[in-house]
Every structure is written in C-alpha cells, then in structure tokens.
Amino acid sequence: MIHLGTEYLKKFITSDEISSFKEKIALAHKRLHENYDSSGDFKGWVELPNNFDKSEIDRIKAVAEKIRNNSDVFIVIGIGGSYLGARAAIEFLNSENYNLHKTPKIFFVGNAVSSCEIKEILDFCSDKDISVNVISKSGTTLEPAIAFNIFKKFIEDKYGKDKAKSRIFCTTDDNKGILKNIADIENYECFKIPDNIGGRYSVLTAVGLLPIAVSGANIDDILLGAKKAYEDFKICDTQKNTCYKYAVLRNILYSKNKLIEVLVGYEPKFRMFCEWWKQLFGESEGKNNKGIFPASMIFSTDLHSLGQFVQEGSKILFETVLISEKDNYSLKINASDKNLDDLNYIENKLSTR
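We now turn to the structure provided with this report.

Analysis parameters
Residues numbered from 1 in each chain as written. Predicted model: local features only at pLDDT ≥ 70, side-chain atom pairs only at ≥ 80, totals over all residues. Heavy atoms only, no water. Salt bridge = Lys/Arg side-chain N within 4 Å of Asp/Glu carboxyl O. Helix = DSSP H or I, 4+ residues; strand = E, 2+ residues; numbered from the N terminus. Buried < 20%, exposed > 50% of the residue type's maximum accessible area, 1.4 Å probe, protein only. Arc of directions from axis to C-beta. Contact = heavy atoms within 4.5 Å. Pairing = 2+ DSSP bridges. Axes fitted to C-alpha atoms, helices over the stretch in contact; angles between N-to-C directions. Phe/Tyr/Trp six-rings, centres within 6.5 Å; stacked < 30°, edge-to-face > 60°. Lys NZ or Arg CZ within 6 Å of the ring centre and 35° of its normal.

**Observations regarding the pattern of salt bridges**
Taken as a whole and assessed by the stated rule, the structure comprises 27 salt bridges. Residues Glu56 and Arg59 are paired through a salt bridge, measuring 2.9 Å at the closest nitrogen-oxygen approach. Here Glu56 pairs with Arg59, and both are found in helix α5 (residues 54–70), just three residues apart, close to one helical turn. Judged by relative accessible area, Glu56 falls into the buried class, the value being 10%. Under the relative-accessibility criterion, Arg59 is labelled partly exposed at 28%. Where salt bridges share partners, they join Lys54, Asp58, Lys61 and Asp220 into one cluster.

Here it is as structure tokens:
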C-alpha cells in the first residue's frame, strides 16, 4: 500500500491548500470518466477492469500453461512498458530471485543493447527447452527488434523452422506494423496490444498478463483486484480516494520547489516496481519543461549510500514509502548468553519488513 503520511506533511501543507484543489480534481475526474471514448487518447486503461476480453484471457491462460509444461526457459523480449510492468509484478509477487526457485526461468531481454547479456542467456539456454514472447507495438523499436532477430534464429536452429513456430508468441498491434506482418507470414500466435492503451499502462493486457501467468500467478485474482481497485478509486473525493489525495499532495509539494520524488521500498522485491513507477511518472509528467523527477531507493540498503543526502542534502525532494502489509516470511533475532554481537536488544523484534 502507499502510506500518504499526511500527519508528517502538516508542517508543509495546510488543509486549505488541499481544499483548494477540489475543482481541479473534479475536472480531472470528469475528463477521465465522463464522455469516455474507448478509441481515443489512450485512456483505455481507465475502463479496462470493466472491459477485459474474456476470450483473450482464456487464450493467455492456455498458452501460459503450455509454456509452463514444455519450457525450461521463457524469454520475454521488450523494452519500457513492454517489460517493466510484467517484471515488476513477477518479482513483487515472488522475489527478485525468482529464477533461483521457479521454473520456467524467465529472462527479460531486448531492454538494452548488450551482446554480453544476450550471449550469456543464449549459452544458458543451449541445452534447455525455451519459448519466446516478443512484445512490441510496431516491431521497429531497435533494442527488442535486435533481440528478437537473435532469439528467432536461435530457436529455429534448435527446433527447426516448423517446430519453432509453436514456441514463438507475439504481442503486438492487432492490425498493422512490422511485427504483426512477421507474425502473419510466419504463422505465430499473436496477442493484441489495444490501440487505446499506452505501453506504460499495458500491464493488465496480454503485454503483462502472459509473462505473469507463465510465472504461476493467478491472473484471474489479479483481474478481480483490478476490478475492486476501479470501484474503490472511481470516487471524486480527495478524502476517500487516496489516488486523488496523492496527486494533490504531490502537486502542492511541487509548487513548494520539491522537484524530486523518491519512491522508497523496504524489500528488494520492490526494486522493479520502482523502476516501472519511474517510467509511469517520468513519461507521463516530464513534458513542456515541467514535472517532478521520479527517483527510487531501497531501504535500508540505500540509507548507507544516499541516506546522508536524503537527511541533510538539498531540500528539493520528498519521499513516498511503500509498505508491505504482509510478508511471506519473517525472521527474528534470538538472544545469546554472552551477547557477543551486541544484538540482544532486538531479540524477537526484527522481521523482514
């Protein structure tokens, strides 16, 4: 959950300042929810929880099960919104060490131009069964196009051109583009990226749902959660709708020269979530010489490298803290007779929060 820390902000923000945004929030709410046009201005994510394509979801689940049964490794090729949301979700639901204890191993490539990285993964896959999912709206983005070129050849050399077709899956535009054209010619199974949903908002389409389903997550539960979130956050009220409250607080702090927002998590599994968040906010707000610069830290690790600046550096940043309400595991420190490590004072108090 996102803890808004309103009590901590009282010295910086008054209730009158928050109230002054009432009309602006009402206007923003109207623009999002009224006169909604599912074919226009990339707002398809707003109503997506009410408009999931059931046949597409069923096909995603069937393909994910096929991949889980016939593959040791699943290669996801994409950059930006074509991989960040899926990777964030997989690591958030498991850990950043997902590949240490789960099969199929999931590797995300095509998000950099690195021959070393690709060669390392190719070598790992040499004696393993693999499947590939290439994700690109157009197919022309350089990094994933290069990676797909390499892994397409690898999988065709490994299985033969005909058998390779059943192990390559494309997530792309439903009607046009280079990748769509390749998929049609080669007869690859395709999933669609909706025209009205931008890449950074696409995690609840096939872009994110196929890799997430391959990881073993129950995407039906995820979609139910999205539906609940839609109901919770469709209220035009800054007191009841924490999304609007968060937006107002950020806006006020920005007006007070707080130009950097640091998203903080206390678990390493939050790291990729933070990376996805940085794209969501950086791409959305960084326009017309405006916007809050999104940064992130993982505590307590980064307290030992950046903590000094956070506490006593330029007063141009504010922090938003992610708190996990429930952890998968907890560890406690046991007291020792001689207390040689001087840790008895935290006996039974330390957990993996």
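Once you've had a look at it, read on.
**Digging into helix α11 (residues 178–186)**
Within α11, burial applies to Leu179, Lys180, Ala183 and Glu186. Down the axis of α11, the buried set is contained in an arc of 140 degrees. They therefore lie on one face. If you follow the buried residues of α11, they end up packed against β4 (130–135), α9 (142–159), α10 (161–164), β5 (168–172) and β6 (189–192). Two residues or fewer after α11 comes Asn187, characterised by a positive phi angle close to 65 degrees.

**Section: the sheet that holds β6**
Read across the open sheet, the five strands follow the order β3-β2-β4-β5-β6; overall the sheet is parallel. In this open sheet, the two strands that pair with only one neighbour each are β3 (105–109) and β6. The sheet shows a mean angle of 20 degrees between the axes of neighbouring strands, taken without regard to direction. Bridge count for β5 against β6 is four bridges, and the pairing is parallel. Bridge pairing in β6 places Phe169 opposite Glu189. Those strands touched by α9 are β2 (73–77), β3, β4 and β5, and its axis lies near 155 degrees from that of β4. α11 rests against β4, β5 and β6 of the sheet, and its axis sits at about 145 degrees to β5.

**Examining the packing of aromatic side chains**
The full count for this structure, using the stated rule, is 10 aromatic pairs. Here Phe92 and Phe270 contribute two aromatic rings whose centre-to-centre distance is 5.3 Å and whose plane-to-plane angle is 25 degrees, an arrangement assigned as stacked. With Phe92 in helix α6 (residues 84–93) and Phe270 in the loop between β7 (260–265) and α15 (271–285), this residue pair connects regions lying 178 residues apart in the sequence. Residue classification places Phe92 among the partly exposed residues on the basis of a relative accessible area of 34%. Residue Phe270 is classed as buried on the basis of its relative accessible area of 2%. Through a chain of ring-to-ring contacts, three or more aromatic side chains come together here, namely Phe92, Phe270, Phe273 and Trp276. If you follow Lys128 out to its NZ or CZ, it ends over the ring of Phe124, 4.1 Å from the centre. One Lys or Arg, Lys269, reaches over the ring of Phe92 and ends 5.7 Å from the middle of that ring.

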